[in-house]
Amino acid sequence: MSLVTDTKRDDVCRSVISFVDHALSCQGAQHKRLPITRDYIDWSVNGSGTLTIVLDQVGASCLVMVATRNVAPVLCTNVAAALCRDYDAHTVLCDGTTPIDAEVFKTTGDPTVVSLPPRRHVVPRKVHGNGTSRSNGRHTEERIDDWIMSALRSQFKLIDLADVELLEVEQRRAKTVPMRLSAWALSLTTALIMAPLAIPLIVHNLVRGEDVRSGAMALGVAGLYAVLAQTGMAPSFPELL
């Protein structure tokens, strides 16, 4: 159902929620308003049905469309009749095309459902596909995949491994002062345990920046060597320490 009223759309927006709630309450329907969107307002009716109000500005008039889903047509018609009375609509359209006398619709409400024209059953057109169209579609998808893979290969060929290594080092390098101090603490601790292993680590920290992960790995290796040397499992390790 569609109603055309001279009331401005902004005025309708401010009052339509209370009017619809009142109309649904008068019908004895259990309803709950759903979250408002930009163009329409939905109500959940009787748990399984939905009532939708759509507002549109047409020149100086406002178009109010009432639509329902899984709800008795009588409820939709009575709500539309209540809104027609509230906003003094001068034009009422059934299914968006068939005009109805607005004055009669305001007073009758429920019985107007009997006089409404039957809904037209629209049969969707069947789409028949042949083997040629499906084959062409597959060939097109294959060509697109080949183009994408070729573009990826060309991009990979342009990548320099040295740039990748520098990027990885830059990502691993400590940025904050506490992280840099932690890297130096690990390096100095490694130097106390195994100086030959700590020298490359200190050079790395000075040239490429502090790396906490490398320091932790070096300290772990130095600690392992120290444990093996102290337990006698590796007799030659004390010479390296």
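Here the structure is a predicted model, which means the values were calculated and not measured.

Caption draft 1: Just a nonpolar patch on the surface, in detail. A contiguous nonpolar patch, built from Ile144, Trp147, Ile148, Met149, Leu152, Phe156 and Ile159 and spanning about 730 Å² of accessible area, is present on the exposed surface. Here Ile148 is to be found in helix H5 (residues 131-158).

Caption draft 2: Just helix H1 (residues 9-26), in detail. When the terminal C-alpha atoms of H1 are compared, their 25 Å separation across 18 residues agrees well with the 26 Å that a helix rising 1.5 Å per residue should span. A maximum bend of about 45 degrees is found in H1 at Ser15. Those residues of H1 that are buried are in contact with strand E2 (31-33), strand E3 (40-45), strand E4 (49-58), strand E5 (61-69) and helix H2 (73-86). Just past H1, the residue Gly28 takes up positive phi, approximately 75 degrees.

Caption draft 3: Examining the packing of helix H7 (residues 177-193) against helix H8 (residues 195-207) more closely. Where H7 meets H8, the closest approach of the two axes is 7 Å, and the angle between their N-to-C directions is 155 degrees. In terms of their interaxial angle, H7 and H8 are classed as roughly antiparallel. Here H7 runs over H8; the crossing is left-handed. Residues Ala183, Trp184, Ser187, Thr190, Ala191 and Ile193 of H7 pack against Ala195, Leu197, Ala198, Leu201, Ile202, Asn205 and Leu206 of H8. The residue inventory of the contact of H7 with H8, partitioned by class, reads 10 nonpolar, 3 polar and no charged.

Reading the values: the criteria
- Residues numbered from 1 in each chain as written.
- Predicted model: local features only at pLDDT ≥ 70, side-chain atom pairs only at ≥ 80, totals over all residues.
- Heavy atoms only, no water.
- Patch = residues over 30% accessible without salt bridge, like charges linked within 9 Å, V, L, I, M, F, W, Y side chains within 5 Å.
- Areas by Shrake-Rupley, 256 points an atom, 1.4 Å probe, with all protein chains shown as cover.
- Salt bridge = Lys/Arg side-chain N within 4 Å of Asp/Glu carboxyl O.
- Helix = DSSP H or I, 4+ residues; strand = E, 2+ residues; numbered from the N terminus.
- Expected span 1.5 Å × (residues − 1).
- Bend = angle between axes of the 7 residues up to and from the residue.
- Contact = heavy atoms within 4.5 Å.
- Axes fitted to C-alpha atoms, helices over the stretch in contact; angles between N-to-C directions.
- Parallel < 35°, antiparallel > 145°, perpendicular 65-115°, else oblique.
- Left-handed = near helix turned anticlockwise from the far one by under 90°.
- Nonpolar A, V, L, I, M, F, W, Y, C, P; charged D, E, K, R; others polar.

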